[in-house]
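Observations on chain architecture
Spelled out from the first residue to the last, the chains are:
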Amino acid sequence: CLKKNYSTILFSATLSPIKYYIDMLGGNDKNYRLKLPSPFKKENLEVFVSPINIRYKYRTKTLPYVIEKICSFVNEQKGNYIVFSPSYVYMESLWEQIKSYDDINEFKLVKQEASMNENEKSEFLKQFSENNNLLVFCVLGGMFSEGIDLPGEQLIGSVIIGVGYPKIAMENEISREFFKESGYDYAYVYPGINKVQQAAGRVIRTEEDKGRVLLIDDRYISAQYSSLLPLEWYP
């Protein structure tokens, strides 16, 4: 489709790493690319990393540590937060256990449902403007991790659990095989990081916004993943 056009301009705040997107969109080394710094002040967003093992077979074992870290993080600065889980199954487990913790008694807990119509989605988002201490549980890559605006005090922080890996699926496996040595990154790592950037991007929506992000996963302290995080972040 792009080759039928004389010119195509693609713009996004999350086109990173840019070579991956050029390859996936059918581009080549001759295509122009321009990377601009964020217009927002770096000091307006604080980014923290908690190196807990969130790999699938360790999730049940490490869930109590994740809950303790979430409680500690949101109590450092009260306000409205979204906690993004790597899956619905994980979100449900987190939801059932964290409700019994006394450390978050001052927060109103709300959970995303698996299927929500437009009216339900609108009512869900309305709670951010009607509450001061809201702790919302959503799924990373879901309807509330991108494309929504919650400026100012409506959302002061996000907790992102995991690195956003897509599920193993036929389409992803075809991409992995097609791109050979870069296949695993192209099929799983880079799409996951895109989800993470989208979710973190809900926090800072205007030049006046200030917020905090907590990344929970030990892979964030590895060279591979730390190099993929935006330069504006300070883990």
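The paragraphs below set out a description of the structure included in this document. These numbers come from a predicted model, not from an experiment. (Residues numbered from 1 in each chain as written. Predicted model: local features only at pLDDT ≥ 70, side-chain atom pairs only at ≥ 80, totals over all residues. Heavy atoms only, no water.)

What to know about the packing of helix H5 (residues 170–178) against helix H6 (residues 183–200)
In a pair of packed helices, the angle between the axes and the distance between the axes together describe the arrangement. Stated precisely, the cut-off is as follows: Helix axes are fitted only over the stretch in contact, all axes being lines through C-alpha atoms; the angle between N-to-C directions runs from 0 to 180 degrees. Numbering goes from the N terminus for both helices and strands, where a helix is a DSSP run of H or I of at least four residues and a strand is a run of E of at least two. Two residues form a contact once any of their heavy atoms are found within 4.5 Å. Residue type decides the class: Asp, Glu, Lys and Arg count as charged, Ala, Val, Leu, Ile, Met, Phe, Trp, Tyr, Cys and Pro as nonpolar, and the leftover types, Gly among them, as polar.
At a minimum axis separation of 6 Å, H5 and H6 run at an interaxial angle of 145°. Contact residues: H5 offers Asn172, Glu173, Ser175 and Arg176, while H6 offers Gly183, Tyr184, Ala187 and Tyr188. Taken together, the residues that form the contact of H5 with H6 break down as three nonpolar, three polar and two charged.

Description of the side chain of serine 158
As a reminder, the rule being used: Buried residues are those whose accessible area, probed at 1.4 Å on protein chains only, stays under 20% of the maximum for their type, while exposed residues exceed 50% and partly exposed ones sit between those limits.
Structurally, the position occupied by serine 158 is in strand S5 (residues 157–161). Looking at serine 158, the relative accessible area reads 0%, which means it is buried.

Observations regarding the packing of aromatic side chains
Describing an aromatic ring pair means giving the distance of the ring centres and the angle of the ring planes. Convention followed: Within 6.5 Å between ring centres, the rings of Phe, Tyr and Trp (the latter by its six-membered ring) count as paired, and their orientation is classed by plane angle as stacked under 30 degrees, edge-to-face over 60, tilted in between.
By the definition in use, this model includes 14 aromatic pairs. Centre to centre, the rings of tyrosine 165 and tyrosine 184 are 6.0 Å apart; their planes meet at 80°, and the pair counts as edge-to-face. Residue tyrosine 165 is found in the loop between S5 and H5, and its partner tyrosine 184 is found in helix H6; the two are separated by 19 residues along the sequence. Judged by relative accessible area, tyrosine 184 falls into the partly exposed class, the value being 41%. When the centroid spacing of 5.7 Å and the interplanar angle of 50° are considered together, the rings of tyrosine 186 and tyrosine 190 count as tilted. Here tyrosine 186 pairs with tyrosine 190, and both are found in helix H6, just four residues apart, close to one helical turn.

Considering the pairing of strand S6 (residues 211–216)
Just so we agree on the cut-off: In short, DSSP must find at least two bridges between two strands for them to pair.
Extensive coverage of S6 is indicated by the burial of six of its six residues. Of the two faces of S6, both are covered, the one formed by Gly211, Val213 and Leu215 as well as the one formed by Arg212, Leu214 and Ile216. For strand S1 (residues 45–50) and S6, the ladder comprises six bridges, and the chain directions are parallel. Each bridged residue has a counterpart across the sheet, and for valine 47 the counterpart in S6 is valine 213. Relative to S6, S5 is paired through five bridges, and the arrangement is parallel. Pairing of valine 159 across the sheet is with leucine 214, part of S6.

Observations concerning the state of the cysteines
Let me state the cut-off plainly: By definition, disulfides here are pairs of cysteine sulfur atoms that lie within 2.5 Å.
Per the stated rule, a full pass over the model turns up zero disulfides. Here cysteine 138 is not cross-linked by a disulfide; its sulfur's nearest cysteine counterpart is in cysteine 71, at 17 Å. The exposure class of cysteine 138 is buried, given its relative accessible area of 1%.

Remarks on the packing of helix H2 (residues 59–76) against helix H3 (residues 88–98)
Filter applied, for reference: In these notes the angle categories are as follows: under 35 degrees is roughly parallel, over 145 is roughly antiparallel, 65 to 115 is roughly perpendicular, and the rest is oblique. Take the far helix as your reference; a near helix turned counterclockwise from it by less than a right angle gives a left-handed crossing, and one turned clockwise gives a right-handed crossing.
Here H2 crosses H3 at 60°, and the two axes come no closer than 10 Å. The angle between the axes of H2 and H3 places the two elements in the oblique class. The element H2 and its partner H3 pack so that their crossing is right-handed. Each of Arg59, Leu63, Val66, Ile67, Ile70 and Cys71 in H2 lies in contact with H3, whose residues at this interface are Tyr90, Ser93, Leu94, Gln97 and Ile98.

Quick notes on the environment of valine 203
Mapped onto the secondary structure, valine 203 falls in the loop between H6 and S6. The buried category is assigned to valine 203, whose relative accessible area is 0%. Taking the C-alpha atoms as reference points, valine 203 and glutamate 153, 50 residues apart in sequence, are found 9.6 Å from one another. In contact with valine 203, other than residues within four places in its own chain, are Leu45, Leu155, Ile156, Gly157, Ser158, Asp209, Gly211, Arg212 and Val213.

Here's the deal with unusual backbone geometry
Put simply, serine 16 and proline 17 share a cis peptide bond, and its omega is 0°. For proline 17, the position within the fold is in the segment before helix H1 (18–24). One non-glycine residue, lysine 180, adopts positive backbone phi at about 50°.

Observations concerning the pattern of salt bridges
Selection criterion: A pairing counts as a salt bridge when a side-chain nitrogen of Lys or Arg comes within 4 Å of a carboxyl oxygen of Asp or Glu.
All chains considered together, the criterion is met by ten salt bridges. One salt bridge connects aspartate 23 with lysine 19, and the closest N-O pair in it is separated by 2.8 Å. Taken together, the residues aspartate 23 and lysine 19, both in helix H1 and four residues apart, mark about one turn of the helix. One salt bridge connects lysine 99 with glutamate 96, and the closest N-O pair in it is separated by 3.7 Å. The network of salt bridges with shared partners includes Glu92, Lys111 and Glu113.

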